[in-house]
Amino acid sequence: MKSVFVGRVFGSALLLGLCLSSGAYAQGAGGGRFGFTEQGGEAIFKNVCQGCHMPDAKGAVGAGMYPALAKNPKLETAGYPVAVIVNGQKAMPAFGGMFSDQQVADVVNYTRTHFGNNYKDKVTPADVKAARP
Amino acid sequence: MTEQVLAPMNRRSLFRMIGMAAGSAAMYQAMTDLGYAGESGYSAPLKLEGDPKGASVLVLGAGLAGLTAALELRNAGYKVQVLEYQHKAGGRNISIRGGDTVNELGGFTQHCQFDPGFYVNPGPMRIPYHHIALLDYCKRLNVPLEPFSIINYNAMIHNSKAFGGKPKRYREVETDFRGYVSELLAKCTSQGKLDQAVTKEDAEVLLQALRAWGALNQNYEYKKSGQVSNHRGYDVDPGGGLSWQPTDSEPMAMAELLQSRLWTGLLTGHEYEYQMTMFQPVGGMDRISAGFVRALPPDMIKYNCKVTEIKQDANGVVVSYVDSQKGGAPQTATANWCVNTIPTTILSQVPMQIGAPLKNAINSLSYSAGFKAGVQMKRRWWEDDERIYGGITYTDQPVALISYPSTQFMQTQKGVVLGAYTFGPHAFELTSLSPEERMKVVVDCGAAIHPQYRTEFENGVSVGWHRMPFTLGCFAQWTEANREKNYNALCAIDGRMVLAGEHASHLGAWQEGAIVSALDAIKRLHQRAVAA
Ligand SMILES: Cc1cc2nc3c(=O)[nH]c(=O)nc-3n(C[C@H](O)[C@H](O)[C@H](O)COP(=O)(O)OP(=O)(O)OC[C@H]3O[C@@H](n4cnc5c(N)ncnc54)[C@H](O)[C@@H]3O)c2cc1C
C-alpha cells in the first residue's frame, strides 16, 4: 500500500499527519535532511541535546521532567548513555537513525567529561555500532 | 490487488504517473476507488444511553480530549472533576497574543509584543473539512470559523540551492510541472508506448485531456504561449487601453525544474489532510477550548494540579496531585473512573497502578520535535508588495515555510506571519536555541525570500515544543510496527482507567484525533460503568 504513495518522498517515517509535507520538501530540496550534520560532541550537545536537557545539562521540571546529565552517576557506565541515545528511552527519542557512530561517540564522550562528570574512559564508534539494534 | 484491469506492476506505474502528473490528488482519488482512504469514524454527537447511577469520573488534563470527555460525561449524568496542570484549559489548543507570557522549560521566558488584535497559533492552525467531530463541536459551541488558505498560487516555493536562490511562484512551478509531464505522457501515448495500458479510444481521450490540462500546443508541446501564460501568469499582465501589451512568460527549463525539486512544494495542498477548504477559528485556535470551557460549569476544572501518582483498585481511582505553582504536600482526588489524557511523555514518568501492556505502550512512545515562530511586521508587505494574500511559501531552509495570514487582507497596517513551522532535525536545533537566537534564524531565512524582513520585522515569539512544560513534545510518534504492537493496549481500559488524546488515535497530530479518541474511550468506559 505504501509503495503507491510515491508523492510521499519519505515513505513510512512520515505517516505522521503534519510533518509530511514540509519534511518531504525539505528533504527533496536537498537542504533539509533526516540526520544531524553537527560534528563534535560540543556542537551536537548544543544543537540537539540541550533542547531538552538544557544548556547547563541540569535538566528541567514541568508537568514532566528532563533528567539532569550534569553530575549524573548513571553516566559512569558508558554503555548506558550510548544505548539511551541510539535506542531511545520512554520520552527520549531514539536518535540512532539521525547520528553516525562517530557522532554518538563524540557526544557521549563530551557529556561524560563535562558538566561535572569526569569519566575518562572513551567510547568508540565501534562501541556505538555494537549498541545499534 | 487483483488483475482485472492491469497487472499489479502496471497499475502501480499508472498510479505513479497519475501521481506525478496530478499531484497526489488524482492519485488519491484513484486509491479511494480501491478502498485505501478512510475517515475518522464520527457521524453524530455522542449519546450515552443508560444511567450511570451517580458514578464519578476524574478527567486528567484539560486539552481537547479532556474537555470533550468532561462535556459528554457530564451530559450523560456523571459527576465529573477535571485536574489540569496549567492555569488554563486547552492544552496544545493555544494561541499567543500581545501581553501573553510564554514560559519554556529551562527558564526561557518570552513576553509577546504583538499589537492588539494579532495572534499566532503556535500549535494547531488548520482544520480539514473532513474532521467532522471537531467541526461539529465548533458549531455546537458557537466557535466561528473562517477559511485557512492552504494553497496560494502566488506564494513562493524556494530552494536556496536552485535558480540562484531565487524563489519561484507556486503557479509557475505548478504549471510548468504539469505542462512537462503532460508533454512527456503525450509523447508516450502517441508513440504507442501505452498500448498495453490504455485502449486506442482511451488513448485519444487521454491526448485531448493532456493537451487541455497541460496547456500544450497543437503539437502536444509545452512551450511559451498565451495559453501557457493563462496558467502560469504573464511577464506583463493583460490590461486596458494602449499602454499595456500582455507579455507571455517563459517556462523554466524542464531539467532545471526537476532538479530544483521545487515540485515537492506542490504536494501538501493536494493531500486529503490538506485539501481545500480548510478552516481556522476566527480570532485564534484557542477559541475552541474557550468554547468548551464556556459550556462547562466553572468549578469543574481544577487548575494548577500536577498529577503525580495514580492508584486504583476494584472500586475506583485515587489520584495524587501537587499545586503546580506553589508545590507543597500532595493532595488526593478520588472517583469511580478515570479518563487520563496526559501526554505519554509525562505519563511515562508518573507512577501508576496499571498492567504491563499499558505501561509498555506508554513507554514505547516519544514525541516528535516541532518548532513555530510568529513574527509581527510593520506593514503587510506580502500583500502590498508581493500580492500574496494568505497561503504558504515553502523553503528548504530551517524554517521550512512561511504562512501568511488568511484574514484581514489589506485591513490593517501591520500583520503577523508564521515565520517558521518545522519538524525533524531543524526543529530539534531551533528548539535548542534561546528565543533571541531563534528569531535571528527566522529573520535570516525569511529575508532570503523576502528582503522586506530586514526592514519590516518588529517582534516575534517562538515555541519549541519539546520545551513546552505541559507536553514535552509536539505529538506522539507512532511507527507502523509500534502501532501494531502497542496501540490496542494503549487504548484498552485498564481497570478503572482509560487513556485518551491525540496519542490514542489514528489521527495523531490532529485535534480531531484527540476528540474522537475521547469519544471512543468514554463510550467504552460508559458501557462498563452501566454494566457494573
Ligand atoms: C506544532 C503543532 C501543530 C499542530 N497542528 C495542528 C493543526 O493544524 N490542526 C489540528 O487539528 N491539530 C494540530 N495539532 C495537533 C493538536 O494540537 C493535538 O492533537 C491536540 O490539541 C491534542 O489534544 P490532547 O487533549 O490529546 O492533548 P493536550 O492538548 O496536550 O492536553 C493534555 C493536557 O494535559 C495536561 N497535563 C499534562 N501533564 C499533566 C499532569 N501531570 N497533571 C495534570 N494535567 C497534565 C496539559 O497541560 C494539557 O492541558 C498540532 C500540534 C502541534 C504541537
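Here is what the cut-offs are and how they apply
- Residues numbered from 1 in each chain as written.
- Chains lettered and ligands numbered in written order.
- Predicted model: local features only at pLDDT ≥ 70, side-chain atom pairs only at ≥ 80, totals over all residues.
- Heavy atoms only, no water.
- pLDDT = per-residue confidence, 0-100.
- Contact = heavy atoms within 4.5 Å.
- 1 Å grid on protein atoms, 1.4 Å probe; cavity = no way out; pocket = protein on both sides within 12 Å on 5 of 7 lines; lining within 4 Å.
- Points joined across faces, edges and corners; volume = space filled by probe spheres on them.
- Helix = DSSP H or I, 4+ residues; strand = E, 2+ residues; numbered from the N terminus.
- Nonpolar A, V, L, I, M, F, W, Y, C, P; charged D, E, K, R; others polar.
- Near = heavy atom within 4 Å.
- Polar contact = N/O pair within 3.5 Å; in protein donor to acceptor, adjacent residues only side chain to side chain.
- Areas by Shrake-Rupley, 256 points an atom, 1.4 Å probe, with all protein chains shown as cover.
- Sits in = over half its atoms within 2 Å of the grid points.
- Buried < 20%, exposed > 50% of the residue type's maximum accessible area, 1.4 Å probe, protein only.
- Pairing = 2+ DSSP bridges.

Some words on the confidence of the model for chain A
Interpretation of this model should avoid reading the predicted coordinates in detail wherever pLDDT is low. A residue-level look at chain A finds 75% of positions with pLDDT of 70 or above and a mean pLDDT of 81. When the criterion is pLDDT under 50, residues 1-32 of chain A qualifies, and its contacts beyond four places in sequence or with other chains add up to 85 contacts.

A word on empty space enclosed by the protein
To find the voids left in a structure, one rolls a probe of water-molecule size over its atoms. Residue and element names in this part refer to chain B. In the structure shown here, the tally under the stated rule is 3 cavities of 30 Å³ or more. In this structure, the largest cavity is lined by 44 residues; those nearest its centre are Gly90, Gly91, Arg92, Asn93 and Thr471. Among the elements of the structure, α3 (64-75), β15 (305-312), β19 (370-377) and α17 (511-531) are those that each provide at least two residues to the lining of the largest cavity. Residues that form the lining of the largest cavity fall into these classes: 25 nonpolar, 13 polar and 6 charged.

Description of the site of the ligand
Around the ligand sit 37 residues, and of these B:Glu84, B:Arg92, B:Arg126, B:Glu502 and B:Gln511 come closest. Residues within reach of the ligand are spread across chains A and B. Here an oxygen atom of the ligand sits 3.2 Å away from a polar atom, N or O, in the side chain of B:Gln86. Contact between the ligand and B:Met125: an oxygen atom at 3.0 Å from a main-chain N or O atom of the residue. Protein contact buries 100% of the 1,000 Å² of open area that the ligand shows by itself. Here the ligand is seated within the largest cavity. Residue assignment for the shell around the ligand shows that the elements contributing at least two residues are α3, β15 and α17 of chain B. When the residues that make up the shell around the ligand are grouped by side-chain class, the tally is 22 nonpolar, 10 polar and 5 charged.

Remarks on unusual backbone geometry
Residue and element names in this part refer to chain B. In this structure, the amide linkage connecting Met276 to the following residue, Thr277, adopts the cis form with an omega of -5 degrees. Of note, Thr277 is situated in the loop between α8 (254-260) and β13 (278-281). The residue Tyr220 is not glycine, and still its phi comes out positive at about 60 degrees. Checked against the element boundaries, Tyr220 lands in the loop between α6 (200-214) and α7 (226-232).

Focus: the environment of B:Leu210
Residues and elements named next belong to chain B. Structurally, Leu210 is set in helix α6. Given the relative accessible area of 5%, Leu210 is considered buried. With 27 residues separating them along the chain, Leu210 and Glu183 place their C-alpha atoms 7.4 Å apart. If near-sequence neighbours (up to four positions away) are discounted, Leu210 is found in contact with Ser182, Leu185, Ala186, Thr189, Ala215 and Leu216.

As for the pairing of β15(B)
All names here are of chain B. Judged from the 7 bridges that link them, β15 and strand β16 (residues 317-323) form a sheet pairing that is antiparallel. Its bridge partner lying in β16, Cys305 is registered against Asp323. Here β15 folds back onto β16, and the loop between the two strands holds 4 residues.

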